[in-house]
Amino acid sequence: MFLPFDYQSPKSLKECLKLISENENAHILAGGTDLIVNIRSGKIIPQLVVDIKNISELSDIKKTDNYIEIGSLTTMNQITKSSLLKGAYYLLSYAASIMGCYEIRNRATIGGNIINASPGAETLNPLVVLSAKVVLESTSGQRILSIEEFVCGPNKTEIKKNELLTKILIPIVNEEADGVYMRRQRVKGMDLASVNCAIFITNKSDIKKRKIKISFGTVTPKPYRPIKVEQLLENNKITKNLILESVKIINSEINPRTTSLRASPEYKKFMIEYFLVEGLKKILGEINVN
Ligand SMILES: Cc1cc2nc3c(=O)[nH]c(=O)nc-3n(C[C@H](O)[C@H](O)[C@H](O)COP(=O)(O)OP(=O)(O)OC[C@H]3O[C@@H](n4cnc5c(N)ncnc54)[C@H](O)[C@@H]3O)c2cc1C
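1. A word on the sheet that holds strand E10 (residues 164–171)
Then, in step 1: As summarised here, the arrangement of the 5 strands in space is E4-E5-E10-E6-E7, forming an open sheet in which the pairing is antiparallel. Each edge of the sheet is formed by a strand with only one pairing partner; in this case those strands are strand E4 (61–63) and strand E7 (141–146). Strand-to-strand, the axes of this sheet are offset by a mean angle of 25 degrees, without reference to chain direction.
Then, in step 2: Taken together, the 5 bridges between strand E5 (residues 67–71) and E10 define a ladder with antiparallel strand orientation. When the sheet's bridge partners are listed, Ile68 is paired in E10 with Ile170.

2. Describing the sheet that holds strand E12 (residues 195–202)
Then, in step 1: Pairing is antiparallel across the open sheet formed by 3 strands, whose spatial order is E11-E12-E13. Each edge of the sheet is formed by a strand with only one pairing partner; in this case those strands are strand E11 (177–184) and strand E13 (211–217). Neighbour to neighbour, the strand axes of the sheet diverge by 10 degrees on average, direction disregarded.
Then, in step 2: Note: E11 against E12, 8 bridges, orientation antiparallel. Residue pairing for E12: Val180 is matched across the bridge by Ile199.
Then, in step 3: Strand contacts of helix H4 (residues 90–98): E11 and E12, with the helix running at about 20 degrees to E11, the strand carrying the most contacts.

3. Digging into the domain arrangement of the protein chain
Then, in step 1: You can read the domains of the protein chain as domain 1 (6–51), domain 2 (56–171) and domain 3 (177–284).
Then, in step 2: Computed over C-alpha atoms, the centres of domain 1 and domain 3 are 36 Å apart.

4. Focus: the site of the ligand
Then, in step 1: With respect to spatial proximity, 30 residues lie near the ligand, and among them Ala30, Gly31, Gly112, Asn113 and Ile115 are the closest.
Then, in step 2: Here the shell around the ligand gets 5 residues from one element, more than from any other, and that element is helix H6 (residues 110–116).
Then, in step 3: The two domains that each donate at least three residues to the shell around the ligand are domain 1 (6–51) and domain 2 (56–171).

5. Observations regarding the pairing of strand E3 (residues 48–51)
Then, in step 1: Where strand E1 (residues 6–8) and E3 come together, 3 bridges link them in parallel fashion. Looking at the pairing, Tyr7 lines up with Val49 of E3.
Then, in step 2: In this structure, strand E2 (residues 26–29) lies alongside E3, joined through 4 bridges in parallel fashion. Looking at E3, one finds that Ala26 is bridged to Leu48.
Then, in step 3: With helix H2 (residues 35–40) bridging E2 and its parallel neighbour E3, the resulting β-α-β unit is right-handed.

Conventions we followed
Residues numbered from 1 in each chain as written. Predicted model: local features only at pLDDT ≥ 70, side-chain atom pairs only at ≥ 80, totals over all residues. Pairing = 2+ DSSP bridges. Helix = DSSP H or I, 4+ residues; strand = E, 2+ residues; numbered from the N terminus. Axes fitted to C-alpha atoms, helices over the stretch in contact; angles between N-to-C directions. Contact = placed C-beta atoms within 7 Å. Domains from an automatic or database assignment. Near = placed C-beta within 6 Å. Right-handed = clockwise from strand over helix to strand, strands pointing away.

This is the structure we're talking about:
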């Protein structure tokens, strides 16, 4: 088959890092569910495609003393099935389980989802509230960034041309913790999220120690954390007034674009209150917000 670019399939991480350090216009191929679409449409014209599917060490999920480590090549279906991503981490597994369709989830990797950094990307909000970090490797060494620092906007991250995203680190949570991921989409079936949200709470039954992290997708160019609202909700009894105040703060901080194909700014703003109430109810049990 004729390919209008060179193709390499390294068997080791070392070989891969050498290849991308020597080729300015190399593009990494993981599951290909974004890259191939972009090559076909002419948006990306690569000189070299580096297929990382044969680097087996990139598709592990394991637990260490401090982290759950997810290899960047781990597919959505592997994440969905992993016994390590249950309990407090289930929100990530759930997000992976509802993206695209089964066939896409069999190919689509977590690394590709992060690097593509679509505003509606399924894994980004769960990873933000789980305080995840990304490990980037090159021939000159390794650096670790928080997912919040790493993602800069649609299709933009801090990755350098000679780097490979090798793994994602999710800190182990010992405190009583739980999380939720919610999304809205235009039609039944396959579409990217019109708007999505993740909430994660530690020490959930102790109002004095409770820590809350919230992240919304598609309302700003990168995942949006309403930090003032997190602080407001952390040590206070959750009431209707507190929710209304939170919604007011969030809506004053976001500015959803009017050109989105999937949802109007008004719809996204409307969904903020729904996500907050439903998410908090799901984690904390019945809260009285009437
Ligand atoms: C029909 C369809 C439905 C979809 N539905 C959804 C959906 O509901 N939700 C959603 O979030 N997405 C959806 N997507 C988008 C896509 O499937 C995901 O973003 C997917 O996770 C991308 O992973 P991949 O392995 O296929 O990435 P690839 O296409 O292989 O790569 C994507 C980008 O990341 C780079 N890259 C990949 N891995 C690495 C790495 N380890 N280090 C450095 N760079 C890397 C590539 O060079 C490329 O630029 C859909 C796509 C299709 C075609």
